[in-house]
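Single-letter residue listing:
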Amino acid sequence: MSDWINIPKNVHILLNSLHAAGYEAYIVGGCVRDCLMGYKPKDWDITTSAKPDQVKAIFRKTYDTGIAHGTVSVRLGEDVYEVTTYRVDGKYSDFRRPDEVSFTTSLREDLKRRDFTINAMAYDPKIGLIDYFQGKQDLSEGRVRCVGDARERFQEDALRMLRALRFAAKLDFSIEAKTYEAMEEKAPLLANISQERICDELTKLLLSDNPWRMRDVVETGLMAYCIPEFVPCASMPQRHPYHIFTVAEHTYASMQAVEADRILRWTMFLHDIGKPPTHSEDENGCDHFYGHVKQSVAMADTILRRLRFDNASREKILTLIAYHDCELPDTELSMRKLLNKIGIPLFPDLWKVQVADMRAQNPTLLEERLEKAEATMELYQRVRNQNPCVCLEDLAVNGWDLIAMGYPPGKAVGLVLRQLLEVVIECPELNQRGILLETAEKLKKKPEIQIYLG
Ligand code: ATP
Ligand code: MG
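Position numbers for residues count from 1 along each chain, tracking the sequence in the order it is written. As a convention, the first chain written is A and the first ligand written is 1, with the rest following in written order. Under the rules for a predicted model, residues below a pLDDT of 70 receive no local features and side-chain atom pairs below 80 are neither given nor counted, while totals for whole chains, interfaces and linings still include all residues. Only hydrogens and water are removed before side-chain values are computed, so all heavy atoms of the structure are retained for them.

As recorded in an unreviewed UniProt entry, the protein goes by the name CCA tRNA nucleotidyltransferase, listed as coming from Bianquea renquensis. If you open the UniProt record of the protein and go to Cofactor (unreviewed entry), you find "Mg(2+)". UniProt positions are given in the numbering used here, feature names are shortened, and annotations may be inferred rather than shown by experiment.

K.L.:
When you look at the layout of surface pockets in this model, what are you seeing that I'm missing?
P.N.:
Gaps between atoms show up when a probe of the same size as a water molecule is rolled over them. Using a grid of 1 Å spacing that covers the protein atoms alone, one calls a set of points a cavity when a 1.4 Å probe fits there but cannot get out, and a pocket when the set is open and has protein on both sides within 12 Å along at least five of seven lines; lining residues are those with an atom within 4 Å of a point. Grid points are joined across faces, edges and corners, and a volume is the space filled by probe spheres set on the points. Taken as a whole, the largest pocket spans an internal volume of roughly 1,600 Å³. Around the largest pocket sit 45 residues that line it, and Asp45, Asp115, Arg163, Arg166 and Phe167 are the ones nearest its centre. Secondary structure elements are defined from DSSP: runs of H or I of at least 4 residues count as helices, runs of E of at least 2 residues count as strands, and each element is numbered from the N terminus. Looking at the lining of the largest pocket, the elements that each hand over two or more residues are α2 (30–36), β2 (45–48), β3 (62–66), β5 (79–85), β6 (87–89), α7 (159–171) and α9 (195–206). The element contributing the most residues to the lining of the largest pocket is α7, with 7 residues. Just so you know the grouping, Ala, Val, Leu, Ile, Met, Phe, Trp, Tyr, Cys and Pro go in nonpolar, Asp, Glu, Lys and Arg go in charged, and all remaining residues, Gly too, go in polar. When its residues are assigned to classes, the lining of the largest pocket shows 11 nonpolar, 9 polar and 25 charged. Considering only enclosed or pocket space, the second largest pocket measures out at about 660 Å³ in volume. Around the second largest pocket, the lining is made up of 25 residues, and of these Tyr242, Asp325, Asp357, Gln361 and Arg369 lie nearest the centre. Those elements giving two or more residues to the lining of the second largest pocket turn out to be β13 (287–288), α16 (347–359) and α17 (366–385). The biggest single contributor to the lining of the second largest pocket is α17, with 4 residues. Each residue belonging to the lining of the second largest pocket can be placed in one class, and the counts come to 8 nonpolar, 8 polar and 9 charged.

K.L.:
Is there a simple way to think about the UniProt feature "domain: Poly A polymerase head" (unreviewed entry) in the protein in this case?
P.N.:
Residues annotated in UniProt with the feature "domain: Poly A polymerase head" (unreviewed entry) correspond here to residues 25–145. End-to-end, the C-alpha atoms of residues 25–145 are 25 Å apart, and along that stretch the chain is 22% helix and 33% strand.

K.L.:
Please clarify how the site of ligand 1 should be interpreted in this entry.
P.N.:
Summary of the distance rule: residues count as near a molecule or strand when at least one heavy atom falls within 4 Å of that molecule or strand. In the vicinity of ligand 1, 14 residues are found, and the nearest of them are Arg33, Asn119, Asp157, Arg160 and Arg166. In this structure, a nitrogen atom belonging to ligand 1 sits 2.7 Å away from a side-chain N or O atom of Arg160. Spatially, ligand 1 is embedded in the largest pocket. Residue assignment for the shell around ligand 1 shows that the elements contributing at least two residues are α2 and α7. Per-element accounting of the shell around ligand 1 gives the leading share, 5 residues, to α7. Residues belonging to the shell around ligand 1 are distributed by class as follows: 1 nonpolar, 3 polar and 10 charged. Mapping the shell around ligand 1 onto the domain boundaries places at least three of its residues in each of domain 1 (9–141) and domain 2 (149–222). Counted as a polar contact is a pair of N or O atoms within 3.5 Å, where, for protein atoms, one must be capable of donating a hydrogen and the other of accepting one, and residues adjacent in sequence contribute only when both atoms are in side chains. A molecule is counted as occupying a cavity or pocket when more than half of its atoms fall within 2 Å of that pocket's grid points. Residue ranges for the domains trace back to a domain assignment, done automatically or taken from a database.

K.L.:
Mind showing me how you'd approach the packing of helix α12 (residues 262–270) against α16 here?
P.N.:
Describing two packed helices takes the angle between their axes plus the distance from one axis to the other. Axis separation between α12 and α16 bottoms out at 11 Å; the angle between their running directions is 45°. Considered as vectors, α12 and α16 are oriented oblique to each other. Regarding α12 and α16, the two cross each other, and that crossing is right-handed. Between α12 and α16, the contacting residues are Leu264, Thr267 and Met268 on the first element and Asp349, Lys352, Val353, Ala356 and Asp357 on the second. Every axis in this analysis is a line fitted to C-alpha atoms, fitted for helices over the stretch in contact. Angles between the N-to-C directions lie between 0 and 180 degrees. Angle categories: roughly parallel below 35 degrees, roughly antiparallel above 145, roughly perpendicular from 65 to 115, and oblique for all the rest. In a left-handed crossing the near helix is turned counterclockwise from the far helix by less than a right angle, and in a right-handed crossing that turn is clockwise. Any two residues having at least one pair of non-hydrogen atoms within 4.5 Å are treated as being in contact.

This is the structure in C-alpha cells:
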C-alpha cells in the first residue's frame, strides 16, 4: 500500500491557501482511507489548525454549516469542501454527542477523537501520511479497530457500533477482538440513538457489497436494539423441500442475490420477517409458515414507520413483500391482472425480488424455476409493449362520462368504473369510448347498480 495520494486540484488550492496563511492543514478521515485502498473518495474533508473565523477570512465563498462543531464549508468552483478546525470533544453524557467541543492546536488530539484507526489518518502532500494509531496497518490487514479504549468510545457515542459494522461490511473487514467484545457489552446503549441515524447506518450496510453481514448485527446483539423483530429469524429452521437455510440465512443470501438498491435490499431484508410468528410444524416434521406474507407486510409496515422511512419507499417495499411469493403469471391475462394490482412500473422490481428469493433457496430446484422466471419477463415485456389499460386512469371513459349518462356522483360511479376496468383487463380491445359507454348503459340493469339509481 503506497503512501502517496493523488489530490484533486481544488483540494491542493485549499491546503495551499491555508498553509500560506500560516496554518496546518491536512486531508483527513474517509478520503485518506479510501485513497490508500485505491478507491475514489466520496468527498474530501480537511482538518486545520485555523479557527473557523480564520478559515472564513481566507476564502471568498464560505458557509457556516457546522460552525458549532468548527466546520466551515468552502466553495471552490463547483465543489464544496468541509474544513474543520482541530477539535477535542468534551464529555458525552447522552451516549451520542459531546456536551461541548473545544478547539485545539494539536492534530494528534483531533485524530484521537475519531472513531476507528482507519478513519483517523491525515495526509498533507508535503509532510506525507500522519498515522498515530496504526490505521494503515489495520487497513492492510483488513480490520476495524477503535481508536483508544473501545468500551469508552462506544460509551461516548453508541452509533459508532453500527458504524463499525457498516465499515466492516463495506470494506470486507473483520472487527478487532476488543472492539467486538466492547460492542457485545455496550449494545443496549443503541437505545439512545435516533431511529433515523440507525436507519441510515443499516441502509449503508445493506447497500455494501456484503449485505449478508447483517449477520454481524445479530451476532453482536445489536439487532435487538435496532430491529428486534428480526432476532427470532436467526433461530428459525425451515425444514421444507424449497429451503435449506434458517430464515435469517435465507434472508442474507437473498439480499446478496439482489442488486444494491435501497428498495430491493430492504425488501429482501424484511420479506420473511413474519415467518417466526406464523411458524407451525406438521406430523412429518416439515415447517410451515401459513399467512407469513401478510404477517411480514404488517411487521415491515411497523418497522419502516418506526425507522421514519418516507411513504413512497415504504409503500413500494410493502407491495413487493406482499407479492414476493405470488405465482408468476404465465398468460397475458394473468399478467394484466397482476399489473393491475402492483402497477406496471413495479413489475421489474418484483421480478428481481422473486429471482433473488429463488436463488437463496434449495439449488436443486433453481434451474427450472429460473427458466420459468425468464419466460415471465418476456411475457411482461410483450404485455407492456401493448400499452394495456390496467388502471382506472387509463380507461377510455371517466367518472364525468358516467355522470353525464345519468349515474349519480359517488359510489355508483366508482363501482361501474371498476367493472369496466375488469372488462378491459379481460379484453383490452374493448377499451374504446363508444364500447365502454354502451357497456355502462347495460350495467344500469344490474341489481347491484340499480340500488344506486333509485
Ligand atoms: P463515508 O465514506 O461513509 O463518508 P467517512 O469515514 O467519510 O465515510 P463520515 O461519516 O463522513 O465517514 O465522517 C468523516 C470522518 O469523521 C470519519 O472518517 C471519522 O474520522 C470521523 N467521524 C465520523 N463520525 C464519527 C463518530 N460518530 N465518532 C467519531 N468520529 C467520527
Ligand atoms: Mg465522508
